[in-house]
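Fold and contact review
Take a look at the letters that make up each chain.
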Amino acid sequence: AALARGRVRRRLPALLLAIAVLGSALKDGDLVPETPLQNKRNPLNVYFVKLAWAWTLWLLLPFIALTTYELARSKFLYGRTKSVLLVLRRLGALLVGTAVWYVCTELFIRVENLTGECSLQGAPGRPPRLYASKRECHQDGGVWNGFDISGHCFLLSYCAMMILEEVAVLEALAVDHSSKLRVVINALFVSLCLLTVIWVFMFLCTALYFHDFSQKLLGVLIGLSAWYGTYRFWYLKPFSPGLPLPNIPLSSKKYSYSR
């Protein structure tokens, strides 16, 4: 239950930055031992990190829906219709997260294409060719050298911080120990905790084995900026998905959540 407490949430950004810096220093100093994790085809990378947003989305969706509805009905004494509307509003955070993931991923691809060039051993009699993108270069068996902002550092930091923000509702949620709802919420919470541990661990692996320091630092800074810009700025505004319910001051008149 430590992940649901604010202390972990406050310290994780600094921890991620420290991992990026120290991991890069170890990598640049050739102090990292060889392990299967340096292979991009390792199972954790293929089945989890490559699908990081999908894992985060599909676990947070039922968790946010169930906890928001239960809090709205039990603590805020809302009716069914208002509770459902509140759930839909809070699920908007997942739409925002999907937009952040898509826009940043496309931006990283664009930057790499604009800053790169293709290293290709030309075949005899074959005229030289200019390549406009990494994909074209790889199709001809070349190696693309561009500024590759670490998508792993961006997405893993953003997903981990988003999970910590959302599971904070458990501090205010009281559900009967014998109810099926509690069993489901507990299962989702444990799954989200395990997912967060995997994200931080794979973030460490990225820092130790992949990318240049500047690429990793920029990736994590963008991920943390996306989290801060949403949960610490935009979600405080009336026209937004809003914060998880326990974080909303009930006396504040600018939130429609207030009784």
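On a predicted model such as this, the values are computed, not experimentally measured, just so you know.

Evaluation of the coordinates by the stated rule reveals 1 disulfide. Across the disulfide from C118 sits C137; the S-S distance is 2.0 Å. What sets the handedness of the C118 and C137 disulfide is the S-S torsion sign, and at about 75° it is right-handed. Of this pair, C118 sits in strand β1 (residues 117-119) while C137 sits in helix α5 (residues 134-139), and the two are 19 residues apart along the sequence.

Here the focus is the environment of G97. By the element assignment, G97 lies in helix α4 (residues 80-115). When near neighbours in sequence (up to four residues on either side) are disregarded, G97 contacts W53 and Y158.

When the UniProt feature table is mapped onto this chain numbering, "transmembrane region" (unreviewed entry) sits at residues 51-72, 84-103, 187-211 and 217-235. In this annotation, residues 84-103 is assigned 100% helix and 0% strand; the end-to-end C-alpha distance for the span is 29 Å.

When its volume is computed, the largest pocket comes out at roughly 850 Å³. Around the largest pocket sit 27 residues that line it, and K50, D148, I149, G151 and H152 are the ones nearest its centre. Among the elements of the structure, α3 (52-74), α4, α6 (151-167) and α7 (180-209) are those that each provide at least two residues to the lining of the largest pocket. Per-element accounting of the lining of the largest pocket gives the leading share, 6 residues, to α4. For the lining of the largest pocket, the per-class residue count stands at 13 nonpolar, 9 polar and 5 charged.

Going through the model one piece at a time under the given rule, you end up with 8 aromatic pairs. Among the aromatic side chains, those forming a connected cluster through ring pairs are W53, F108, F154 and Y158. Its guanidinium or amino end placed over the ring of Y78, K82 lies 4.6 Å from that ring's centre, counting from NZ or CZ.

We now examine the pattern of salt bridges. Pairing between side chains becomes possible if they bear opposite charge and their charged atoms approach one another. The final tally for this structure, using the stated rule, is 4 salt bridges. E166 is the partner of R90 in a salt bridge, and the nearest nitrogen-oxygen pair spans 2.7 Å. Separated by 76 residues along the polypeptide, R90 in helix α4 and E166 in helix α6 bring together distant segments of the chain. Across the pair, E166 and R90 agree in class, each one buried. Three or more residues are tied together by salt bridges with common partners; here these are R9, E165 and R232.

With 19 residues, helix α8 (residues 213-231) should reach 27 Å at 1.5 Å per residue; the first-to-last C-alpha distance of 27 Å fits that figure. When we look at burial in α8, the residues that qualify are Q215, K216, G219, V220, G223, L224, A226, W227, T230 and Y231. The buried residues of α8 all sit within an arc of 155° when viewed along its axis, so they share a single face. Its buried side turned inward, α8 meets α1 (6-28), α4, α6 and α7.

F63, M162, W199 and F203 are the most contacted members of the largest nonpolar core, which has 66 residues in total. At the level of elements, α1, α3, α4, α6, α7 and α8 are the ones that each hand at least two residues to this core. In terms of residue count, α7 provides more of this core than any other element does, 15 residues in total. Apart from the residues lying within four places of it in its own chain, the contact partners of F63 are E166, V167, V169, L170, I185, L188, F189 and L192.

About the criteria used
Residues numbered from 1 in each chain as written. Predicted model: local features only at pLDDT ≥ 70, side-chain atom pairs only at ≥ 80, totals over all residues. Heavy atoms only, no water. Disulfide = S-S within 2.5 Å. Helix = DSSP H or I, 4+ residues; strand = E, 2+ residues; numbered from the N terminus. Contact = heavy atoms within 4.5 Å. UniProt positions renumbered as here; feature names shortened; annotations may be inferred. 1 Å grid on protein atoms, 1.4 Å probe; cavity = no way out; pocket = protein on both sides within 12 Å on 5 of 7 lines; lining within 4 Å. Points joined across faces, edges and corners; volume = space filled by probe spheres on them. Nonpolar A, V, L, I, M, F, W, Y, C, P; charged D, E, K, R; others polar. Phe/Tyr/Trp six-rings, centres within 6.5 Å; stacked < 30°, edge-to-face > 60°. Lys NZ or Arg CZ within 6 Å of the ring centre and 35° of its normal. Salt bridge = Lys/Arg side-chain N within 4 Å of Asp/Glu carboxyl O. Buried < 20%, exposed > 50% of the residue type's maximum accessible area, 1.4 Å probe, protein only. Expected span 1.5 Å × (residues − 1). Arc of directions from axis to C-beta. Core = buried A, V, L, I, M, F, W, Y, C linked by side-chain atoms within 4.5 Å.

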